[in-house]
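# Reading the structure
Chain by chain, the residues run as shown.
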Amino acid sequence: MIKPVLALLALSSPALADQSPLPFNLGGAFELVDQTGTARTQADPQGHPQLLFFGYANCREICSAALPMMAQVADAVAEQGITVTPVMITVDPARDTVDTLGPALAQHHADFVGLTGTAKQLQVAYDAYQIETEEVFTDPEYGPVYAHGSFLYLLDAQGKLLTLVPPVITPEAAAGIVAKYTQGQS
């Protein structure tokens, strides 16, 4: 989730607001590894806009709604000739590994990219998007359950934040937002 104090500071600071299309500073450089073991940065190597989410592949809460929604949005904008890469950065690197991310995310969409890394590498990404995570309890069947952000971040092909997409709207409404911001970019 966005740190409330930082968001308020950003709203009151024109210098920070000038760095982002939003009234607070989000986004930035990171380097992680995808489910194939390939190093990836915030830029899409194929030059497509990206729909980014912070979660974990076996989450039974918000991720179980956000990941399928991202897949539906990617398919809906593809029908309009816009290619958007769905990307998830893990908040559970112990379970979301190079070996486990691919199969879990492929259940949602063939083009889903899962990113993981060392604690230090992940923290860089969390800090860039002001993501806080916390293990809230352990489910006897699924393991640790984490509190984490729920927004979807729409990035251009170079990894610059274009806008936030709220997770509580319909896939059709989300696809409309994505199409508006990405026309001519893919």
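The preceding data block contains the structure.
We now turn to the structure provided with this report. It should be emphasised that the depicted structure is a prediction, and the values quoted were computed from it without experimental measurement.

## Some points on the overall build of the chain
A tally of helices and strands in the chain yields six helices and nine strands. Split into buried and exposed, the 186 residues of the chain put 46% on the buried side. When contacts within the chain are restricted to residue pairs at least 6 apart in sequence, those whose partners lie at least 24 apart make up 68%. Surface exposure of the chain reaches about 8800 Å², of which carbon and sulfur atoms provide 56%.

## Notes on helix α6 (residues 171-182)
Counted at 1.5 Å a residue, the expected span for α6 with its 12 residues is 16 Å, and the 16 Å between its end C-alpha atoms agrees. Restricting attention to buried positions, one finds in α6 the residues Ala174, Ala175, Val178, Ala179 and Thr182. Down the axis of α6, the smallest arc covering the buried residues is 135°, so these residues share one side. Away from its buried face by more than 90 degrees, α6 exposes Glu172 and Lys180.

Basis of the calculations
Residues numbered from 1 in each chain as written. Predicted model: local features only at pLDDT ≥ 70, side-chain atom pairs only at ≥ 80, totals over all residues. Heavy atoms only, no water. Helix = DSSP H or I, 4+ residues; strand = E, 2+ residues; numbered from the N terminus. Buried < 20%, exposed > 50% of the residue type's maximum accessible area, 1.4 Å probe, protein only. Contact = heavy atoms within 4.5 Å. Areas by Shrake-Rupley, 256 points an atom, 1.4 Å probe, with all protein chains shown as cover. Expected span 1.5 Å × (residues − 1). Arc of directions from axis to C-beta.

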